[in-house]
Amino acid sequence: MVNIVIDGKKIKAQEGATILEAARENGVQIPTLCSHESLEPSGACRLCVVEVKKGNRTRIVTSCIYQVDEGISVDTQSERVKGVRRIVMELLMARNPESEVIAELAEKLGVTPQKRFIPDEDKGKCILCRLCIKTCESIVGVSAIGFSGRGAAKIVGTPFDENSDVCIGCGACAYVCPTGHIQMESTEDTRTIWGRTFKMKACDVCGRYFAPEDQLKYISKKTGVPVKNLSTCVSCR
Ligand code: SF4
Ligand code: FES
């Protein structure tokens with residue numbers, strides 16, 4: 001354990017923990033967008049900035065990737081932190097003017113859109129945080145989506161923006177996306193995502209459509225459990 005101070009409160013934090021983890025563990029709220037407990041942090045949105053004092057030196061760091069260190073003092077609400085957070089928020093709003101999540105977060109933080117940043121009209125709601133790509137790669141194990149383009153033209157999608165034949169329609173990417181960028185539409189027996197429509201499987205017991213057939217086939221292939229044994233929804237199991 002290491003001894004640190006967060007917002008004047010002395011706490012013991014687990015060695016190797018990030019400042020964000022230590023703060024949350026102790027009830028200190030730091031705004032975040034791209035951090036997810038099941039995935040490695042990437043420091044993409046920069047909203048979680050805090051000020052760290054170590055010896056005589058203070059600096060602004062990204063709390064979701066900066067690890068705690070013996071004797072550091074962390075300020076999550078200093079004027080400098082608020083200033084940086086405001087600019088990060090203004091940039092996010094300019095890049096993603098359509099995102100309700102970003103607009104709500106900005107309102108909560110008391111930040112309004114500024115004319116100095118020209119809003120992008122063509123980026124949708126994506127903040128390029130990579131959570132969807134990492135989820136698809138490392139949790140689902142499919143790698144159906146990735147980034148394409150460079151710089152301001154960078155977007156997330158399927159290779160060459162074509163229907164992915166490896167996508168199983170699980171929707172994990174849409175679920176994990178912090179800004180609601182990924183469109184997933186459902187009817188009673190279909191699910192459409194990334195331009196492909198998947199047929200849903202009806203539960204053998206209650207008849208409710210509960211998962212894409214391709215997802216069940218994928219699970220069966222991975223686990224060796226026959227598809228017929230995966231044909232019951234969670235409630236009827
Ligand atoms: S689509 Fe969502 S999860 Fe994927 S990179 Fe964009 S904001 Fe992040
Ligand atoms: S939550 Fe830390 S950079 Fe996004």
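Our structure's up above, just so we're on the same page.
Read on for an overview of the structure. (Residues numbered from 1 in each chain as written. Chains lettered and ligands numbered in written order. Predicted model: local features only at pLDDT ≥ 70, side-chain atom pairs only at ≥ 80, totals over all residues. Heavy atoms only, no water.)

Moving on, we get to the sheet that holds strand β9 (residues 190-193). One open sheet holds the 4 strands; their spatial order is β8-β9-β10-β11, and the pairing between them is antiparallel. One side of each edge strand has no neighbouring strand; the edge strands of this open sheet are β8 (184-186) and β11 (209-212). Geometrically, the sheet is characterised by an average inter-axis angle of 30° between neighbouring strands, direction not taken into account. For strand β10 (residues 196-202) and β11, the ladder comprises 3 bridges, and the chain directions are antiparallel. In the sheet register, M200 faces β11, and the bridge partner there is P212. Where helix α6 (residues 213-223) meets the sheet, its contacts fall on β9, β10 and β11, and the angle it forms with β11 comes to roughly 60°. (Pairing = 2+ DSSP bridges. Helix = DSSP H or I, 4+ residues; strand = E, 2+ residues; numbered from the N terminus. Axes fitted to C-alpha atoms, helices over the stretch in contact; angles between N-to-C directions. Contact = heavy atoms within 4.5 Å.)

Now for helix α2 (residues 79-95). Given a rise of 1.5 Å per residue, 17 residues ought to cover 24 Å, and the 24 Å separating the end C-alpha atoms of α2 matches this to within 8%. On its buried face, α2 is in contact with β3 (49-54), β4 (57-62), β5 (73-75) and α3 (100-108). (Expected span 1.5 Å × (residues − 1).)

Attention shifts here to the nonpolar core. In this structure, I4, I6, I19, V50, V52, V68 and V74 are the most contacted members of the largest nonpolar core, which totals 21 residues. Where this core is concerned, the elements lending two or more residues are β1 (2-6), β2 (9-13), α1 (19-25) and β3. If you tally residues by element for this core, the top one is α1, at 4 residues. Counting residues in each nonpolar core, the second largest holds 20 residues, with V140, A144, I145 and I168 among its members. (Core = buried A, V, L, I, M, F, W, Y, C linked by side-chain atoms within 4.5 Å. Buried < 20%, exposed > 50% of the residue type's maximum accessible area, 1.4 Å probe, protein only.)

The next subject is α3. Every buried residue of α3 is accounted for by I102, L105 and A106. Looking down the long axis of α3, one finds its buried residues gathered within 100° of arc, a one-sided arrangement. Opposite the packed face of α3, turned more than 90 degrees from it, sit the exposed residues E104, E107 and K108. On its buried face, α3 is in contact with α2. N-capping of α3 is provided by S99, with a side-chain oxygen placed 3.4 Å from the backbone N of V101. Once α3 finishes, G110 follows within two positions and takes phi at roughly 70°, a positive value. (Arc of directions from axis to C-beta. Polar contact = N/O pair within 3.5 Å; in protein donor to acceptor, adjacent residues only side chain to side chain.)

Moving on, we come to the sheet that holds β5. Here 5 strands make up an open sheet; going across it, the order is β2-β1-β5-β3-β4 and the pairing mixed. Edge strands, defined here as strands with exactly one partner in the open sheet, are β2 and β4. Strand-to-strand, the axes of this sheet are offset by a mean angle of 30°, without reference to chain direction. Note that β1 and β2 share 5 bridges and pair antiparallel. In the sheet register, V5 faces β2, and the bridge partner there is K10. Sheet strands touched by α2: β3, β4 and β5. Its angle to β3, the strand with the most contacts, is close to 145°.

Neighbouring residues of ligand 1: 13 residues in total, closest C126, C129, R130, C132 and C177. Taken atom by atom, the bulk of ligand 1 overlaps the second largest cavity. Class assignment of the residues belonging to the shell around ligand 1 gives a composition of 10 nonpolar, 2 polar and 1 charged. (Near = heavy atom within 4 Å. 1 Å grid on protein atoms, 1.4 Å probe; cavity = no way out; pocket = protein on both sides within 12 Å on 5 of 7 lines; lining within 4 Å. Sits in = over half its atoms within 2 Å of the grid points. Nonpolar A, V, L, I, M, F, W, Y, C, P; charged D, E, K, R; others polar.)

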